[in-house]
Amino acid sequence: MGTFIIEGGHQLKGDIQPQGAKNEALQILCAVLLTPEVVTINNIPDIIDINKLIALLKNIGVKVAKLGEGSYSFQADAINLDYLQSAEFKKDGSGLRGSIMMVGPLLARFGQGYIPKPGGDKIGRRRLDTHFEGFINLGAKFRYNRAEHFYGVEADRLVGTDMLLDEASVTGTANIVMAAVLAEGTTTIYNAACEPYLQQLCKMLNRMGAKITGVGSNLLTIEGVDALGGTDHTMLPDMIEIGSWIGLAAMTKSELTIKNVSWDDLGQIPNVFAKLGITLERRGDDIYIPAHKDGYEIQNYIDGSILTVADAPWPGFTPDLLSIVLVIATQARGEVLIHQKMFESRLFFTDKLIDMGAKIILCDPHRATVMGHDFKSQLKATTMVSPDIRAGISLLIAALSAKGTSTIHNIEQIDRGYQHIVERLQKIGAKITRVEGN
C-alpha cells in the first residue's frame, strides 16, 4: 500500500492542466463495443480505473492501439463473448465500478450482457436498478446469480419504448442510451441525466450514425438504427479535477492558472466557489485564481441565514465536489451547511479534518456544518488513510495547507482518479513524495 508524505504550509504557483474526464471516459470507452469499425479517442486520463477498463476491453477481444499520450484506437470486430462467463471476468469486472457500462453496448449488439457485482468506492449504496429496469423495458430478460453476485441480461431483439427513470442516473442513462441506439423503433427516456459527459456520449453516438435528439435536456428521443460506424472523439477536461485545483489554490493561498477548462461546460461550479468567497477570473478558456492573501468569506443568503451547498442532478452542483467545498470552508470566514444528498457515507472523512483542528459538526450521514477558521488557526499535520477518491484528494489538499508533515496511506484510492498527481503537484511547488509500501 502506497503512502504520500506531504510537507504542508507552502504557497504554490504556476499552471496546471486538468486531465481528461474520468466519468466521461467510462462511458465513451464502453461505446466502442457498439461497432466493428475503428473508434479513436483522445484525452484519455492515465489513471487506474480507466486502465483497468481498457484491459477489460482487450480481454473481451477489442483491438487496442496506443497512438500517443492519451490517444488510443479501438476496434471491436472480434469479440469473445465466452470471456463474459469466465472466472477471470468475474474477478476483474468486480474490481471496477465502471464495468457496468459494458452491459448496454453488449446487449444492444450481441443480445447478451453480463457483469459481476461492481466494486468501487465505499461511499454508500449505488444501486443498479435504473440500468437493469431500462434494459427490461427494452425487452431484455434479467437474471441474477445470487451465489456468485453475477448479473445478466439477454434479448433476441430490443424494441424501443417510452420509459420514465426513477432517478436521473448518469451511468444508468448512458447505459440505456447505448442499448437503445440499436433497438427497433423509437425510445423516449424521461428524467434522463443531462450532464456534459452524457451529452458528449450522445454527440459521439450521433457521429457514429445514431439518431438521438434532446441532447442536453432531460428528455431524450432515440430512433434505433441497424448499425453504427467508427468515429474520432476528444474528451472534455475533468470538471472534478478542475474543482479540486480551485480548492487547492484557495487553501494554500496560491496563485494558480488552470488551463483549458472548457469553461462553458462547468455549469454551477464557478458560481458555487464564488459563493465561498473565492475569486476566479476567466482568461480565455483558463481559470486564473489569484493568491487569497486576505482569505475568503462565505456569502450568506439575502436574509442573513447560513449558506447551504447541496448536490443535485445537472445543472445542479455535482456531488463529487462537496468534499472539496467542505475542506475549503474550514479556513473561510463564516459558516456553511454541506448537504450530501446522494451518498450516505461520503461525509465520514470529516473526522480526519476534525483531528487536524477543523471545526465541523457532522449532523447526520448526509449533512455537516463547517465553521471556518479564517486562517487564524492553521490545520495541523496528521497521519490518515484515504477512504475513497474524492475524500482522498480533499485530505491531500488539507495536508498541503496544514502546518507540519502529514502522511496519507492507501493512496491507490487517489491514483484511481488523478493521473501523475505527485509530479504535477511538484511542478507547481508542492512538497510531496510517494513511498511505495510492501
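Provided above is the structure to which this section pertains.
Residues numbered from 1 in each chain as written. Predicted model: local features only at pLDDT ≥ 70, side-chain atom pairs only at ≥ 80, totals over all residues. Heavy atoms only, no water.

1. Structural notes on the packing of helix α10 (residues 322–329) against helix α12 (residues 389–401)
And step 1. One way to put it is that α10 packs onto α12 with a least axis distance of 8 Å and a crossing angle of 20°. Put simply, α10 runs roughly parallel to α12. In the crossing of α10 with α12, the sense of the turn from one axis to the other is right-handed. Contacts from Ser-323, Ile-324 and Val-327 of α10 reach α12 at Arg-390, Ala-391, Ile-393, Ser-394, Ile-397 and Ala-398.
And step 2. Partitioning the contact of α10 with α12 into residue classes produces six nonpolar, two polar and one charged. (Axes fitted to C-alpha atoms, helices over the stretch in contact; angles between N-to-C directions. Helix = DSSP H or I, 4+ residues; strand = E, 2+ residues; numbered from the N terminus. Parallel < 35°, antiparallel > 145°, perpendicular 65-115°, else oblique. Left-handed = near helix turned anticlockwise from the far one by under 90°. Contact = heavy atoms within 4.5 Å. Nonpolar A, V, L, I, M, F, W, Y, C, P; charged D, E, K, R; others polar.)

2. Observations concerning the state of the cysteines
By definition, a disulfide is the covalent link that joins the sulfur atoms of two cysteine residues.
And step 1. If you walk through the whole model with that rule in mind, you get zero disulfides.
And step 2. Cys-30 takes part in no disulfide bond, and the closest cysteine sulfur to it belongs to Cys-202, at a distance of 15 Å. (Disulfide = S-S within 2.5 Å.)

3. A closer look at the side chain of Ser-169
And step 1. Mapped onto the elements, Ser-169 comes out in the loop between β9 (162–164) and α6 (170–180).
And step 2. A residue is classified by how much of its surface remains accessible, and Ser-169, at 13% relative accessible area, is buried.
And step 3. Polar contacts involving the side chain of Ser-169 include one to the main-chain amide nitrogen of Gly-172, which spans 2.8 Å.
And step 4. Residues within four places of Ser-169 in sequence aside, it is in contact with Thr-130, His-131 and Ala-193. (Buried < 20%, exposed > 50% of the residue type's maximum accessible area, 1.4 Å probe, protein only. Polar contact = N/O pair within 3.5 Å; in protein donor to acceptor, adjacent residues only side chain to side chain.)

4. Considering the sheet that holds strand β13 (residues 231–234)
And step 1. Taken in spatial order, the four strands line up as β4-β5-β3-β13 in an open sheet, and their pairing is mixed. The open sheet has two free edges, formed respectively by β4 (63–68) and β13, since each of these has just one partner strand. In this sheet, neighbouring strand axes are inclined to one another by 20° on average, regardless of whether the strands run parallel or antiparallel.
And step 2. Across four bridges, strand β3 (residues 38–42) lies against β13 in parallel orientation. Looking at the pairing, Val-39 lines up with Thr-231 of β13.
And step 3. Set on the sheet, helix α1 (residues 22–31) makes contact with β3, β5 (71–75) and β13; between it and β13 the angle comes to about 175°. (Pairing = 2+ DSSP bridges.)

5. Let's talk about the pattern of salt bridges
And step 1. A complete count under the given rule lists 18 salt bridges for this structure.
And step 2. One continuous salt-bridge network, built from bridges that share partners, spans Lys-22, Asp-49 and Arg-416. (Salt bridge = Lys/Arg side-chain N within 4 Å of Asp/Glu carboxyl O.)

6. A look at the sheet that holds strand β2 (residues 13–16)
And step 1. Read across the sheet, four strands follow the order β2-β14-β16-β15 without closing on themselves; strand pairing throughout is mixed. Bordering the open sheet on either side are β2 and β15 (281–283), each of which pairs with just one other strand. Here the average twist between neighbouring strands, direction ignored, is 20°.
And step 2. Bridge analysis of β2 against strand β14 (residues 255–258) gives four bridges, and the strand direction is parallel. Bridge pairing in β14 links Lys-13 to Glu-255.
And step 3. On top of the sheet, helix α8 (residues 239–251) reaches β2, β14 and β16 (286–289); it is set at about 170° to β14, its chief contact.

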